[in-house]
Amino acid sequence: MTNFSQVVERAREAFRSGRTRNVEFRRNQLRSLRRLLDENQLDILDALYADLHKSKHEATILEINTLRAEVDVALFNLDDWVKPQKVSKTIPTIMESVYIQYEPYGVALVLGAWNYPVNLLLTPVVGAIAAGNCCIIKPSEVSRSTERLMAQLISKYLDQDCFPVVCGGPEVAGELLKERFDYIFYTGSTTVGRIVREAANKYLTPCTLEMGGKSPAYVDDDCDFSIATKRLLWGKLVNVGQTCVAPDYILCSKSAQERILEEAENILFQWYGDDPRSSPDLGRIVNRKHFDRIMKLVQSSGEIAFGGESFEDDLFIAPTLLINVKPSDPIMQEEIFGPVLPILNVDSVDEAIAFINDR
């Protein structure tokens, strides 16, 4: 097994040398990251398709182009970000020159996520590079093809002392978290987020935990149901619901529910035809474990109003809407993270707000 203490210490020595404080070094590393995306786009798209059946259109926009934009923003603003920031004087500092000078933390740890295994891995790395940090980078082992490709490409394009890649499963993440870092950036589930937070507490390490949850949507009786339903379904079905900010459930009246179901049937036919499984635009669940979890939620909650088809050999779950869902149903106890959208009935916006706030 990799000696993680040596990996971290090598990065710390690189940071102490002052290499990453040099603004031109940061700029060159960001440009190298841009080249990584530009020169390997087809390989990245192939890996994302292998792991998640992501369409080229969706993957290009949400994985690659958004990351390119992050790099470009950092390059454009880098000179301003490193300048001292003037601030107002107070009575104790009236005779002083007062400014804020931002400094890098040191050696950071970035733990990537499997659902957007390029974007959510490298976006924090962009910030780490721009701020002058070194960074240990761990891709998610769940998206295996992308993990292998990211390890290969990052090692090729970025400074290996400052930005080493570590691959492996939960046991590797656990060993890494025993090391002392100056900042930790984690994207993923709340369960693992608690473990990361506990590990950070040992050294009072600052961290960012970007986690999911049950994102509610309220649909009013007076809305444009065609637009509202289209937007909700788009948000739900990007990456087949494996997105932390995807709408998790709908709150609406009975009459609004009927309009939503009517619009949904038409919209889904327009998008995916009469055989969604054959559509090139609909992804797949990442693995059998998550497939079984989602189907168990569907089978034990409410009733299927639309969709519900599944093929475990293909890890395919059709876009599914559930009705007659109770707050106590299993599907309301955890983030769904799949193409399933429950509808619960309320009589007013105040009732919807109260329902959301109680959770």
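All of the points below concern the structure found in this document.

Analysis parameters
Numbers given to residues run from 1 along each chain, matching the order in which its sequence is written. Totals for whole chains, interfaces and linings use every residue, but because this is a predicted model, local features are given only for residues with pLDDT of at least 70 and side-chain atom pairs only at 80 or more, for both listing and counting. Computation of side-chain values: all heavy atoms of the structure, hydrogens and water removed. The method works on a 1 Å grid over the protein atoms by themselves. A cavity is a set of points holding a 1.4 Å probe that cannot get out, a pocket is an open set with protein on both sides within 12 Å along at least five of seven lines, and residues with an atom within 4 Å of a point line them. Grid points are joined across faces, edges and corners, and a volume is the space filled by probe spheres set on the points. Labels follow the DSSP assignment, with helices taken as runs of H or I lasting at least four residues and strands as runs of E lasting at least two, numbered in each case from the N terminus. By the convention adopted, Pro, Cys, Tyr, Trp, Phe, Met, Ile, Leu, Val and Ala count as nonpolar, Lys, Arg, Asp and Glu as charged, and the other residues, Gly among them, as polar. When DSSP locates at least two bridges between a pair of strands, those strands are taken to pair. Axis definition: a line fitted to C-alpha atoms, limited for helices to the stretch in contact. Angles are taken between N-to-C directions and run from 0 to 180 degrees.

Right, let's talk about the layout of surface pockets for a bit. Here the largest pocket defines a volume of roughly 1,000 Å³. What lines the largest pocket is a set of 38 residues, among which Trp114, Tyr186, Gly188, Ser189 and Val192 lie closest to the centre. For the lining of the largest pocket, the elements supplying multiple residues, two or more each, are α7 (170-176), β5 (183-188), α8 (190-202), β6 (207-211) and α11 (288-299). At five residues, α8 tops the list of elements feeding residues into the lining of the largest pocket. For the lining of the largest pocket, the class distribution of residues is 16 nonpolar, 14 polar and eight charged. Around the second largest pocket, the lining comprises 27 residues; the ones closest to its centre are Gly127, Ala128, Ala130, Ala131 and Asn133.

On to the sheet that holds strand β8 (residues 247-252). Spatially, five strands are ordered β7-β8-β13-β12-β9 in an open sheet, and the strand pairing comes out mixed. Edge positions in the open sheet fall to β7 (215-218) and β9 (303-306), since each of these has one partner strand only. The average angle at which neighbouring strand axes cross in this sheet is 35 degrees, direction not considered. Strand direction decides the pairing type here: β9 and strand β12 (residues 320-323), joined by three bridges, are antiparallel.

The analysis is restricted to geometry; functional conclusions fall outside its scope.
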